[in-house]
Amino acid sequence: MSEHSEKEVEAAEKLAAADAASFERPVIDDFGEPVSKLVDIVIEDNGEPLVDIFHVCPDLRWAPQSPRFNAPRTGLARVTIANMLKTAQELLPAGLHWQIVGAFRSFEVQKEMYDMARAELARQHPDWDEETLTEYINVFSAPPILETPPPHTTGGAVDLSIIDDKGERLDMVSPYDIGWDSAPTAIHGLSATACANRKLLISILTQSGLTNYPGEWWHWTWGEPGWALRTHREVALYGAVPADQIPEWSPPS
């Protein structure tokens, strides 16, 4: 077992033991990865290029739309991430596929998504002051700052779920809705079905070498500062991808 797998497996075990009757709401939490710690991670970019993950693994599936925010998305990722996703697809039971919601995104798109998420929270919680709003949104959307590049801007992160051959997404959230409340990976109160599906997702992606940000069950990374922090490394292997190194990309047909 890899050194970063124990926490992931522990999360899966917590999910398996969750009581579906205990429908608890999550509290504001930084899940161990606050920006103040991420900025201390040194970045020594190894120069891996962005590639089309669907060229590396044609059995992956592209989500026709995001379940949350309508912003530009791509299926570009660093070479290592693409190969890990290929391994993950090979480990899935027959008839299932990883559905990619998004991977690499530019700083401009990251800021657009951050602003949309913040505006949504502000509408939902008009009584929250700016400090509380910022504290909460930074848990679920990486602030677009150069000192610690958001995971997706490095090409080292992917958002994904699992679908069947009919294109139906496996239940990962019931009895919650998709959103802030259902985002934490090890949340209590999931239905037995959602719990089992998350356990499958965690097990396979961990075996494939990816690591999970525990604030979002769908968000998996390797090589970027968050990965370095949660695997106790002082150096990250991916920084923000320069604009002149971003290839053209179109969704698979």
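None of these values were measured; they are calculated from a predicted model. (Residues numbered from 1 in each chain as written. Predicted model: local features only at pLDDT ≥ 70, side-chain atom pairs only at ≥ 80, totals over all residues. Heavy atoms only, no water.)

Describing the environment of L60
Alright, step 1. On the secondary structure map, L60 appears in the loop between α3 (53-56) and β3 (61-62).
Alright, step 2. When its relative accessible area of 2% is taken as the criterion, L60 is described as buried.
Alright, step 3. Distance in space between the C-alpha atoms of L60 and A88 is 9.7 Å, their sequence separation being 28 residues.
Alright, step 4. Those residues in contact with L60, other than ones at most four positions away along the chain, are I53, F54, L85, Q89, W98 and I100. (Helix = DSSP H or I, 4+ residues; strand = E, 2+ residues; numbered from the N terminus. Buried < 20%, exposed > 50% of the residue type's maximum accessible area, 1.4 Å probe, protein only. Contact = heavy atoms within 4.5 Å.)

Re the packing of aromatic side chains
Alright, step 1. As enumerated under the stated definition, the model contains 7 aromatic pairs in all.
Alright, step 2. Arranged with centres 6.5 Å apart and planes meeting at 35°, the rings of F54 and W249 form a pair that is tilted. With F54 in helix α3 and W249 in the segment after β9 (235-236), this pair connects stretches of sequence that are 195 residues apart.
Alright, step 3. Looking at W249, the relative accessible area reads 16%, which means it is buried.
Alright, step 4. Following the ring pairs from residue to residue traces out a cluster consisting of F54, W62 and W249. (Phe/Tyr/Trp six-rings, centres within 6.5 Å; stacked < 30°, edge-to-face > 60°.)

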